[in-house]
4 protein chains.
Amino acid sequence: MKHRPVPARRDQFVQFLELTTRWSDNDAYGHINNVVYYAFFDAAVNQILIEAGVLDPVTSPIIGMVVETTCTHFASLKYPQRVEVGVSVEAIGRSSVRYKLAAFGAGEPAAAAQALYTHVYVDRATQKPVPIPEDVRAVLMRLQPA
Amino acid sequence: MKHRPVPARRDQFVQFLELTTRWSDNDAYGHINNVVYYAFFDAAVNQILIEAGVLDPVTSPIIGMVVETTCTHFASLKYPQRVEVGVSVEAIGRSSVRYKLAAFGAGEPAAAAQALYTHVYVDRATQKPVPIPEDVRAVLMRLQPA
Amino acid sequence: MKHRPVPARRDQFVQFLELTTRWSDNDAYGHINNVVYYAFFDAAVNQILIEAGVLDPVTSPIIGMVVETTCTHFASLKYPQRVEVGVSVEAIGRSSVRYKLAAFGAGEPAAAAQALYTHVYVDRATQKPVPIPEDVRAVLMRLQPA
Amino acid sequence: MKHRPVPARRDQFVQFLELTTRWSDNDAYGHINNVVYYAFFDAAVNQILIEAGVLDPVTSPIIGMVVETTCTHFASLKYPQRVEVGVSVEAIGRSSVRYKLAAFGAGEPAAAAQALYTHVYVDRATQKPVPIPEDVRAVLMRLQPA
């Protein structure tokens, strides 16, 4: 019904994380359910921020809230296959950042699914948008493709 | 970074399903995680098809595979709140159908989150696209707004 | 390998909560995955505490941590079936409470699965056991069978 | 309220699988939710069977159905920590097998949580118990501690 994007290649991503899959990821059709890919992407983005030391999910006073996501599927993956998630940052604004993400079957050159994922940074207490903290911004800038 | 859609109202949807939420839906920020909304939408679409008698997840030889989804978030919901999912069909092609969906806090007039969700019908064995079965198409047509 | 309990009947439970199921609850065998029953039980117990006003998941300084659960399965349920969870309290100690729980297919007299579920109350900051707060204890006592 | 087991040590398990954690595994208390441990155990047991070539989730005519599980928790783990699941087989009957499982924080000597997990083998079509297939039994026997 509209022009479909083409599967992303690995060289479009700055960082990769390897994730394991679970029995419960396969749905009644025997493949990883479409919803699970968003869990992969959520896992990858936040792991990078936490391991970089710029996010503590329990205490950080400024946090990224997801305001928009989209995912396009090209091929099926299935448990117990390992998944590699490619991460890059496509655009950084004052309060928001848009990631480009993709899930690859381990060792595969083309994405099985790819996504855009937008965080808006908010004050944890008021939920109002605030500027992206400088330490977070520095991490995000390193995730931009050359 | 781009024009944001406005929250959908209830009159944009043809059918509503009430879903309950779970402790595990709330993430470390105390709200329903963005990923869970896609599980709501998957639950709503397939429930309609199964209850209409046009889908058996275990035996149907032709099944809908999700090829693209997108979700925009406007407000937070949280367990143990009940959620109402509005469902309508926006476009029907030869092999594919695009749903418009939204999650409302119980009794709320404006969507907390709204989505587009595209199924392509495929042969279960070959995974190749096939025309939407006639009985499915009849159900989909009843989900189109007047 | 050991004596199996018999399925619980509805009259063994003090309170019931109705939960909806999701596409993602069915696993590759087409039935609700065993793990999901624990999510039902977690949802039911905490919903009762939250709706009674004795638990706020984000702010309560004393919280129940799960230290032991067990579930026995007698029959399969499957999405999009509704599930009714029976809840009663079997034992209340100084710091801990053991719930008896069961999942019934909507309208069914015998449990499809039943569980024991033990919370130990801890100080949220130190994670050390503390006495069950009095307001929580009052709710728990009302969940004991006559 | 009853005698608590002690945390298992690594030498009690025959095989280990490393699993990654996800943002959605942490609940509102900032730790991996108790339910998720059962997803880890389900993932580990079935991965061993699938990778040994004795289980195809979509086509195997004889499958293991979970009839009883129990899990005891000793310590909290949290995303994005890696988890190592220890697997051994404790008892093999004619139709059923009971696994002993534990989740360790990566590199930790003592289990954060440990479980018993019983599969009964059934005919996929009739759901009636049948003898454990010989190829499965051979895999299970190799998982028994020396």
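In this text the structure is predicted, and so the values were computed from the model without any measurement. (Residues numbered from 1 in each chain as written. Chains lettered and ligands numbered in written order. Predicted model: local features only at pLDDT ≥ 70, side-chain atom pairs only at ≥ 80, totals over all residues. Heavy atoms only, no water.)

K.L.:
When you look at the sheet that holds strand S5 (residues 113–123) of chain D in this model, what are you seeing that I'm missing?
P.N.:
Sheets are built from strands that pair by backbone hydrogen bonding, the pairs being arranged parallel or antiparallel. With antiparallel pairing, the 10 strands of this open sheet are ordered in space as S1(C)-S3(C)-S4(C)-S5(C)-S2(C)-S2(D)-S5(D)-S4(D)-S3(D)-S1(D). This sheet does not close on itself; its edge strands, each paired only once, are strand S1 (15–19) of chain C together with strand S1 (15–19) of chain D. Here the average twist between neighbouring strands, direction ignored, is 25°. Bridging between strand S4 (residues 96–105) of chain C and strand S5 (residues 113–123) of chain C involves 8 bridges; their strand directions are antiparallel. (Pairing = 2+ DSSP bridges. Helix = DSSP H or I, 4+ residues; strand = E, 2+ residues; numbered from the N terminus. Axes fitted to C-alpha atoms, helices over the stretch in contact; angles between N-to-C directions.)

K.L.:
What is the right way to read the relation of the copies chain C and chain D from this model?
P.N.:
Mapping one chain copy onto the other needs a rotation about an axis and a shift along that axis. Mapping chain C onto chain D leaves a residual RMSD of 0.0 Å; the transformation is a rotation of 180° accompanied by 0.0 Å of translation along its axis. These values place the two chain copies in the arrangement generated by a two-fold rotation axis. Proximity to the rotation axis, assessed at the C-alpha, singles out threonine 70 of chain C in chain C; its C-alpha lies 2.0 Å from the axis. Both copies present the same face, since 97% of the interface residues in chain C are matched by interface residues at the equivalent positions in chain D. (Least-squares fit on C-alpha atoms with pLDDT ≥ 70 in both. Contact = heavy atoms within 4.5 Å.)

K.L.:
What exactly am I supposed to notice about the relation of the copies chain C and chain A here?
P.N.:
Rotating chain C by 180° about the axis while translating it 0.0 Å along that axis superimposes it on chain A, leaving an RMSD of 0.0 Å. Looking at the interface residues of chain C, 100% of them are also at the interface in chain A, so both copies use one shared face.

K.L.:
Whenever I open this one, helix H2 (residues 134–142) of chain A confuses me. Can you help?
P.N.:
In an α-helix, one turn spans 3.6 residues; hence positions three or four apart end up facing the same way. Residues and elements named next belong to chain A. Within H2 the residues assigned to the buried category are Val136, Arg137, Val139 and Leu140. The buried residues of H2 all sit within an arc of 160° when viewed along its axis, so they share a single face. Exposed residues lying more than 90 degrees from the buried face of H2 are Glu134 and Arg142. In this fold, the buried residues of H2 make contact with helix H1 (34–51), strand S3 (83–92), strand S4 (96–105) and strand S5 (113–123). (Buried < 20%, exposed > 50% of the residue type's maximum accessible area, 1.4 Å probe, protein only. Arc of directions from axis to C-beta.)

K.L.:
Before we go on, may I ask you to explain the interface of chain C and chain A in this structure?
P.N.:
By a widespread convention, an interface's size corresponds to the accessible area lost as its parts come together. Taken together, the contact pairs 6 residues of chain C with 6 residues of chain A. Of the roughly 690 Å² buried between chain C and chain A, counting both surfaces, carbon and sulfur atoms make up 63%. Broken down residue by residue, the surface that chain C buries against chain A is led by Trp23, Asp27 and Ala28 of chain C, which jointly contribute 64%. Taken together, the links from chain C to chain A amount to 0 salt bridges. Our count for the chain C to chain A interface comes out at 2 residue pairs in polar contact (both at pLDDT 80 or more). Taken together, the residues of the side of chain C that touches chain A sort by class into 3 nonpolar, 2 polar and 1 charged. (Buried area = accessible area lost by both parts, 1.4 Å probe. Salt bridge = Lys/Arg side-chain N within 4 Å of Asp/Glu carboxyl O. Polar contact = N/O pair within 3.5 Å; in protein donor to acceptor, adjacent residues only side chain to side chain. Nonpolar A, V, L, I, M, F, W, Y, C, P; charged D, E, K, R; others polar.)

K.L.:
When you look at the pairing of strand S5 (residues 113–123) of chain B in this model, what are you seeing that I'm missing?
P.N.:
Consecutive residues of a regular strand have side chains that alternate between opposite faces of the sheet. All names here are of chain B. Along S5, 9 of the 11 residues are buried, which leaves the element largely enclosed by surrounding structure. In this structure, strand S2 (residues 62–73) lies alongside S5, joined through 11 bridges in antiparallel fashion. Within S5, the position partnered with glycine 64 by the bridge is tyrosine 121.

K.L.:
Would you explain the side chain of serine 88 of chain D in this entry?
P.N.:
Residues and elements named next belong to chain D. Relative to the assigned elements, serine 88 resides in strand S3 (residues 83–92). In terms of polar contacts, serine 88 uses its side chain to reach the backbone carbonyl oxygen of glutamine 12, at 3.5 Å. Other than its neighbours up to four places away in sequence, serine 88 contacts Gln12, Phe13, Val14, Tyr99, Lys100, Leu143 and Pro145.

K.L.:
Hey, could you run me through the packing of aromatic side chains in this one?
P.N.:
Each aromatic ring pair is specified by the distance between its two centres and by the angle formed by the two planes. The tally for this structure, following the rule as stated, stands at 30 aromatic pairs over all chains. Look at tyrosine 99 of chain B and tyrosine 117 of chain B: their rings are 5.8 Å apart centre to centre, the planes differ by 75°, and that puts the pair in the edge-to-face class. You can see tyrosine 99 of chain B sitting in strand S4 (residues 96–105) and its partner tyrosine 117 of chain B sitting in strand S5, a full 18 residues away along the chain. Between the aromatic rings of phenylalanine 16 of chain D and phenylalanine 104 of chain D, the centroid separation amounts to 5.9 Å while the plane-to-plane angle is 55°, which identifies the pairing as tilted. Taken together, the positions of phenylalanine 16 of chain D in strand S1 and phenylalanine 104 of chain D in strand S4 (residues 96–105) put the pair 88 residues apart, joining distant regions of the chain. Exposure remark for phenylalanine 16 of chain D: the relative accessible area of 32% places this residue in the partly exposed category. (Phe/Tyr/Trp six-rings, centres within 6.5 Å; stacked < 30°, edge-to-face > 60°.)

K.L.:
For this particular structure, what's the right way to read empty space enclosed by the protein?
P.N.:
Applying the stated rule across the entire model yields 3 cavities of 30 Å³ or more. In this model, the largest cavity occupies a volume close to 730 Å³. Contributing to the lining of the largest cavity are 32 residues, with Ser24 of chain A, Ser24 and Asp25 of chain B, Ser24 of chain C together with Ser24 of chain D lying nearest its centre. Those elements that provide at least two residues to the lining of the largest cavity are H1 of chain A, helix H1 (34–51) of chain B, helix H1 (34–51) of chain C together with helix H1 (34–51) of chain D. Of the residues in the lining of the largest cavity, the class split is 12 nonpolar, 10 polar and 10 charged. In this structure, the second largest cavity is lined by Asn46, Leu49, Val54, Leu55, Ile62, Gly64, His119, Tyr121 and Val136 of chain C together with Tyr29 of chain D. Taken together, the elements giving at least two residues each to the lining of the second largest cavity come down to H1, strand S2 (62–73) and S5 of chain C. Its residues assigned to classes, the lining of the second largest cavity shows 7 nonpolar, 3 polar and no charged. (1 Å grid on protein atoms, 1.4 Å probe; cavity = no way out; pocket = protein on both sides within 12 Å on 5 of 7 lines; lining within 4 Å. Points joined across faces, edges and corners; volume = space filled by probe spheres on them.)

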